[in-house]
Amino acid sequence: MSTASSTKTAATVNGIAIDDTFAEAFGMSGTGIIITADTAKWAAICATVLTGFGTSVIGCGAECGIDCELSPSETPDGRPGVRVLMFGFSPDSLGPQLKNRVGQCVLTSPGSACFNGLDSPKKLALSSGPRFFGDGWQTAKKLGKKRYWRVPVMDGEFIIEDKAGLTTDAVGGGNLLICGRDRAGLLETTEAAVAAIAKVPDVITPFPGGIVRSGSKVGSKYKGAMASTNGAFCPVLRGAVQSELGPEVIAVLEIVIDGLTSDAVKQSMRVGLKAVIDVGAAKGVTRVSAGNYGGKLGAHHYHLKDLLP
Amino acid sequence: MSGLTFKLRDASAGRLDLSALVPHKLAGLDMRDIAQIVVGKTRDQVRVGDVFDISGTSGDTLTFVGTTAACDGLGSELESGTVIVEGDAGAYAGRTMKSGRLDIRGSVGDFLAAGLKGGLVTVKGAAGNFVGAVLTGEKNGMAGGTVIVDGDIGERAGDRMRRGTIITRGKTGASAGSRMLGGTILAEGGLGATPGPLLRRGTLIAPSVARMTDTFGDCGRHELGILVIMSKHFSTTLGTLAPRPLPKIVHRFAGDLATSGKGEILLTG
């Protein structure tokens, strides 16, 4: 049983159909930290490891990503740095993720230091685990309202700020579904959209390279699986299920966006959509849609027609 | 900047306790009330009006002119606003001050900023013994805030100090940081003999030391990132009053090993 897409087209821009639909996103808790190191290379290595296995709260405990690189003048210790954002269902679930990831991936990384990366009245413990690695030799230095812990390690001292800022107004799950008739061209277009989104502050795209190829629906025929493949957007199932895809679509890629604010997520979707519209048609992109659950689960709805350039 | 000015008319009145003359304690009082405040330390009951000419209007700034080393307690328990001292100050200046700013344009006696909790204290001249120290009967000394002394400071600065920063452009006397529990003492002119006796935690920083305390262990030269953070903090919060940026590599001595040994003396020279 094959059917055409049930979603109406809101507009066609540069030959790309924009669905009259919306991305449905959820309220989350978020935090930001700054990783510094002796070189930009080692700050990036450390941040990459820290944010690894951080694609989805469903299976990873937290959604993590690199927000931006920081110059020495922008970091607390005057060294090259990276700002990392982490998102979780709640402060209670985010806290242990922060503690474990920093303890295993930042404390261990040569020359690293770890600082708060989000100004907020709400706080999350940042040093509560890693500082005890000092086995009693850790010392604190309070400067103004900030407390820094100095933990003796084999290459000197690991410096970690006591608290990180916390927001409970973060948003997770902003998304774009990009459909195309050429897989390589679709990937290039989606990469361009991810690159555009990366320039927006306060957001991350937590999946590999910022892109998801396994869009999911809630639930499964199998007990215990919280999510399963979104058959309506799987081209190979077009003839077998109630498909959302027309005959020209051979692949769909998704960009999932988490942000510290709803505005940041909205702006990310806007620039991502623009990037697709700017370069997509020549690369075989035919359509842009967005994922939702009928609007009943998530508090944040981002309508594509409102985000058109 | 509105405020009252107290010009010392009679410097022969003996020791004066001026701890009642801070903005929050004078709020709501008229000139007559203020003139009646007892500031003498003897049975003569010397009052403000007996020794000071008062001018100006109530506000968040008090200025003292012509003060001497017999004027104790200036800026004591200050909670907000500014106290300016155009002269010398006696003992206990800035004692247990919570916030605001105390500027002393002359020199100051013992126990400057003893038990300081917050705010900024600056001294153009020298300071006596026990800067930022614990007061008799109290558990800990300075617990926050910043003290900047352009001249030398006396012995046992920071005695049982717990938090905050003491900076001197000159030298400290002997035994700076005695029994210290935390915080930072930065002596741009060098540390006097035997610094940090029974130092538990906290940091003493100087280019040199007159004689190192025997119970400190030589840890060698190290690059400490915290010094960059501290320099940045000083620069941001103190502006032109900030000390010179600290070098990243310093010679570290851990101690006092006669106690927990988690404190340190960092020699920048």
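Given the structure is predicted, the values throughout are model-derived calculations rather than measurements.

Along chain B, the regular secondary structure elements total four helices and 15 strands. A compact globule built from 269 residues would reach a C-alpha radius of gyration of about 18 Å, and chain B, at 19 Å, matches this within 12%. C-alpha extents for chain B along the principal axes are approximately 60 × 35 × 25 Å. With 269 residues in all, chain B has 50% of them scored as buried. Here the contacts in chain B between residues at least 6 apart in sequence split such that 40% fall between residues at least 24 apart.

Right, let's get into the overall build of chain A. Along chain A, the regular secondary structure elements total five helices and 17 strands. For chain A, the proportion of its 309 residues judged to be buried stands at 48%. The contacts in chain A between residues at least 6 apart in sequence include a share of 74% that link residues at least 24 apart.

To continue, consider the environment of Asp38(A). Residues and elements named next belong to chain A. Within the element layout of this structure, Asp38 appears in the loop between strand S3 (22-36) and helix H1 (40-50). Asp38 sits in the partly exposed class, given 16 other C-beta atoms within 10 Å. C-alpha separation for the pair Asp38 and Pro72, spaced 34 residues apart in sequence, amounts to 10.0 Å. The contact partners of Asp38, leaving out residues within four places of it in the chain, are Arg79 and Gly111.

Another point: the pairing of strand S11 (residues 163-180) of chain A. Residue and element names in this part refer to chain A. The element S11 is largely enclosed, with a buried count of 14 among its 18 residues. Of the strand pairs in this sheet, S3 and S11 are connected by five bridges, and their pairing is antiparallel. Considered in S11, the bridge of Met28 is made with Ala170. Pairing geometry for strand S7 (residues 123-125) and S11, over three bridges, is antiparallel. By the bridge assignment for S11, Ala125 is matched with Lys163. Of the pairings in the sheet, the one linking S11 to strand S15 (residues 251-259) comprises nine bridges and is antiparallel in character. Each residue of the ladder has a partner; that of Leu177, found in S15, is Glu254.

Let us now look at the interface of chain A and chain B. Opposite the 15 residues of chain A that make contact, chain B presents 14 residues. Of all the secondary structure elements, the ones that give two or more residues to the side of chain A that touches chain B are strand S8 (139-143), strand S9 (146-153) and strand S10 (156-161) of chain A. No other element matches S8(A), which puts four residues into the side of chain A that touches chain B. Its residues placed into classes, the side of chain A that touches chain B shows six nonpolar, four polar and five charged.

To continue, consider the packing of H1(A) against helix H3 (residues 91-106) of chain A. All names here are of chain A. Taken N-terminus to C-terminus, the directions of H1 and H3 make an angle of 140°; their axes are 9 Å apart at the nearest point. One element, H1, and the other, H3, form an angle in the oblique class. Considering the relative orientation of H1 and H3, their crossing is right-handed. For the pair formed by H1 and H3, the contact residues are Cys46, Val49 and Leu50 on the first element and Arg101, Cys105 and Val106 on the second.

A few words on the pairing of strand S4 (residues 63-70) of chain A. Residues and elements named next belong to chain A. The element S4 is largely enclosed, with a buried count of six among its eight residues. Bridge count for S4 against strand S5 (residues 81-88) is seven bridges, and the pairing is antiparallel. Among the inter-strand pairings, Cys64 is bridged to a residue of S5, identified as Met86.

To continue, consider the nonpolar core. Membership of the largest hydrophobic core comes to 160 residues, with the highest contact counts inside it found for Ile35(A), Val84(A), Ile178(A), Leu112(B), Val131(B) and Val147(B). When residues in this core are grouped by element, the largest group, eight residues, is from S11(A). Excluding residues that lie within four positions of it along the chain, Val84(A) makes contacts with Gly32(A), Ile33(A), Ile35(A), Ala47(A), Leu50(A), Thr51(A), Cys64(A), Ile66(A), Asp67(A) and Gly117(A).

Once that is clear, we can look at the packing of helix H4 (residues 183-198) of chain A against helix H5 (residues 262-279) of chain A. Residues and elements named next belong to chain A. Two elements in contact, H4 and H5, have axes separated by 8 Å at closest approach and are oriented at 145°. Handedness of the H4/H5 crossing: right-handed. Contact with H4, carried on its side by Thr189, Ala192, Ala193, Ala196 and Ile197, involves Ser268, Val271, Gly272, Lys274, Ala275, Val276 and Val279 of H5 and no other residues of that element. Broken down by class, the residue content of the contact of H4 with H5 amounts to eight nonpolar, three polar and one charged.

The subject of this paragraph is unusual backbone geometry. Residue and element names in this part refer to chain B. Residue Asp256 is bonded to the preceding Gly255 through a cis peptide linkage, with omega at -5°. Among the secondary structure elements, Asp256 is positioned in the loop between strand S14 (249-255) and strand S15 (263-267). The phi angle at Thr96 is positive, at roughly 45°, despite the residue not being glycine. In this structure, Thr96 sits in the loop between strand S6 (82-86) and strand S7 (101-104). Positioned with a positive phi, Ser175 is a non-glycine residue whose angle comes to about 60°. Following the sequence through the fold, Ser175 ends up in the loop between strand S10 (163-168) and strand S11 (184-187).

Residue and element names in this part refer to chain B. Inspection of the secondary structure puts Gly217 in strand S13 (residues 217-223). For Gly217, a count of 13 C-beta atoms within 10 Å translates into the label partly exposed. With 38 residues separating them along the chain, Gly217 and Gly255 place their C-alpha atoms 6.4 Å apart. Gly217 has contacts with Phe253, Ala254, Gly255 and Leu257, leaving out every residue within four places of it along the chain.

This next bit is on H5(A). For H5(A), built from 18 residues, the straight-helix expectation of 26 Å at 1.5 Å per residue is met to within 8% by its first-to-last C-alpha distance of 26 Å. Those residues of H5(A) lying buried are Ala264(A), Val265(A), Lys266(A), Gln267(A), Ser268(A), Met269(A), Gly272(A), Leu273(A), Ala275(A), Val276(A) and Ile277(A).

What follows concerns the environment of Leu74(B). Residue and element names in this part refer to chain B. Here Leu74 is to be found in the loop between strand S5 (71-72) and S6. Since 33 C-beta atoms lie within 10 Å of it, Leu74 is described here as buried. Along the primary structure Leu74 and Leu16 are separated by 58 residues, whereas in three dimensions their C-alpha atoms are 9.6 Å apart. Leaving out residues up to four positions away in the same chain, Leu74 has contacts with Leu18, Phe64, Val83, Val85, Ala89 and Ala93.

This part takes up the confidence of the model for chain B. Low pLDDT means the predicted coordinates in that region are not meant to be read closely. Counting all residues, the mean pLDDT for chain B is 95, and 99% of those residues have values of 70 or more. Scored by ipTM, the complex comes to 0.92, with pTM at 0.93.

Conventions adopted
- Residues numbered from 1 in each chain as written.
- Chains lettered and ligands numbered in written order.
- Predicted model: local features only at pLDDT ≥ 70, side-chain atom pairs only at ≥ 80, totals over all residues.
- Helix = DSSP H or I, 4+ residues; strand = E, 2+ residues; numbered from the N terminus.
- Rg over C-alpha atoms; globule rule 2.2 N^0.38 Å.
- Buried ≥ 20, exposed ≤ 12 C-beta atoms within 10 Å, placed from the backbone.
- Contact = placed C-beta atoms within 7 Å.
- Pairing = 2+ DSSP bridges.
- Nonpolar A, V, L, I, M, F, W, Y, C, P; charged D, E, K, R; others polar.
- Axes fitted to C-alpha atoms, helices over the stretch in contact; angles between N-to-C directions.
- Parallel < 35°, antiparallel > 145°, perpendicular 65-115°, else oblique.
- Left-handed = near helix turned anticlockwise from the far one by under 90°.
- Core = buried A, V, L, I, M, F, W, Y, C linked by C-beta atoms within 7 Å.
- Expected span 1.5 Å × (residues − 1).
- pLDDT = per-residue confidence, 0-100.

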